[in-house]
Amino acid sequence: MKDFKLFSFLILFSAGQLLLAQADDYSAGQLKSLAASALAFKDFKKAVYYYDLYLEKKPEDVRIQFQLAESYRELRDYKNALHWYQLVLKSDKNKNKLAAFHLANMHKSMGNCKEAINLFEAFKKDYRGEKEDRKYIRLAKNGILGCQHSDKSTDDNLVLERLNSSINGSHMEASPVFLSEDLLLFNSLKLELSLIHI
């Protein structure tokens, strides 16, 4: 039974790699479906890959530009996420107002607090009356407070160091997720074959 599960895992992994190799042969609709499937499995790296290919064929699709920005944000690739959120806002600011909130967060995450504060303030005014406006306006206020606090508490002795790829990688990185107020979910992925027994 263990051999069968390992064999199944290897077949599925190989099929995924084959799909990546042949992605240029797919239509825009097929690429969009592959990206949606990748998102369903929280595989944001493959979603980015398929959305990039899709946008080569249909560059004006604002909804997919937003999905690509979201995927980059989930991968914590803030620079690329920022780029795509900006494109979404240039295309149609009124159609996807949450892009402004996420753009402000990308600036905040990259340390551009002055720009983030301006964007959060504009978002608070523009988002009134929208779906879940109280939630996002409160989050924008918290973003402003976080930026103001970071400006006041800068420490010249603070050093941030990126850990090597053995700590977190694109297919295994996940911050703890709050499932409830008192329950956190962590994950870990071990690639040693001896640990893949299901």
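Residues numbered from 1 in each chain as written. Predicted model: local features only at pLDDT ≥ 70, side-chain atom pairs only at ≥ 80, totals over all residues. Heavy atoms only, no water.

A word on unusual backbone geometry
Defined as follows: Three exposure classes are used, based on accessible area relative to the maximum for each residue type with a 1.4 Å probe and protein chains only: buried under 20%, partly exposed in between, and exposed over 50%.
Located in the positive-phi region is K42, a residue other than glycine, with phi close to 60°. The exposure class assigned to K42 is exposed, which follows from its relative accessible area of 62%.

Things to note about the packing of helix 3 (residues 44–57) against helix 4 (residues 62–74)
Counted only if it meets this: Whenever a helix is involved, its axis is fitted only over the stretch in contact; in every case the axis is a line through C-alpha atoms, and angles between N-to-C directions fall within 0 to 180 degrees. Counting from the N terminus, the helices are DSSP H or I runs at least four residues long and the strands are E runs at least two residues long. Roughly parallel covers angles under 35 degrees, roughly antiparallel covers those over 145, roughly perpendicular covers 65 to 115, and oblique covers all other angles. The handedness criterion is simple: a crossing whose near helix is rotated anticlockwise from the far helix by less than a right angle is left-handed, and one whose near helix is rotated clockwise is right-handed. Here, two residues are considered to be in contact whenever any of their heavy atoms come within 4.5 Å of each other. Note that Gly is not counted as nonpolar here; it falls among the polar residues with everything else outside the nonpolar set of Ala, Val, Leu, Ile, Met, Phe, Trp, Tyr, Cys and Pro and the charged set of Asp, Glu, Lys and Arg.
At a minimum axis distance of 9 Å, the contact between helix 3 and helix 4 shows a crossing angle of 150°. Taken together, the axes of helix 3 and helix 4 are roughly antiparallel relative to one another. Judged by the sense of rotation from one axis to the other, the crossing of helix 3 with helix 4 is left-handed. Residues F44, A47, V48, Y51, D52, Y54 and L55 of helix 3 touch helix 4, and the partners they reach there are I64, Q65, Q67, L68, S71, Y72 and E74. Among the residues making up the contact of helix 3 with helix 4, the classes are represented as nine nonpolar, three polar and two charged.

Description of the pattern of salt bridges
Pairing is possible between side chains of opposite charge, provided their charged atoms come close. How we decide: Counted as salt bridges are all cases of a side-chain nitrogen of Lys or Arg within 4 Å of a carboxyl oxygen of Asp or Glu.
According to the stated counting rule, one finds three salt bridges in the structure shown. Of the charged contacts in the structure, one is a salt bridge between E70 and R73, with a shortest N-O distance of 3.0 Å. Of this pair, E70 and R73 are both found in helix 4, three residues apart, which corresponds to roughly one turn of the helix. Judged by its relative accessible area of 17%, E70 falls in the buried class.

A few points about the confidence of the model for the chain
Let me state the cut-off plainly: Each residue carries a pLDDT score, the predictor's confidence in it, ranging from 0 to 100.
Confidence along the chain averages 78 in pLDDT terms, with 67% of residues attaining 70 or more. Note on residues 191–198: pLDDT is under 50 here. Beyond four places in sequence and across chains, it has seven contacts.

A few points about the environment of S33
Take S33: it is sitting in helix 2 (residues 28–40). The sequence separation of S33 and Y54 amounts to 21 residues, and the corresponding C-alpha distance is 9.9 Å.

Observations regarding helix 2
Operational definition: Given the number of residues in a helix, its expected span is that number minus one, multiplied by 1.5 Å. The directions from the helix axis to the C-beta atoms are what the arc is built from.
Across its 13 residues, helix 2 extends 18 Å between first and last C-alpha, which sits within 8% of the 18 Å expected from 1.5 Å per residue. Along helix 2, the residues that are buried comprise A28, L31, L34, A35, A38 and L39. Down the axis of helix 2, the smallest arc covering the buried residues is 140°, so these residues share one side. Immediately downstream of helix 2, the backbone of K42 shows phi near 60°, a positive value.

Digging into the nonpolar core
Formally: Nonpolar cores are built from buried Ala, Val, Leu, Ile, Met, Phe, Trp, Tyr and Cys residues. Side-chain atoms within 4.5 Å join them into one set.
Core analysis: the biggest nonpolar cluster contains 45 residues, and Y51, L68, Y85, F101, F120 and F123 have the highest contact counts within it. Contributing elements (two or more residues each) for this core: helix 2, helix 3, helix 4, helix 5 (78–91), helix 6 (98–109), helix 7 (113–126) and helix 8 (133–152). Here F123 is in contact with K97, L98, A100, F101, Y136, I137 and A140, once residues within four sequence places are set aside.

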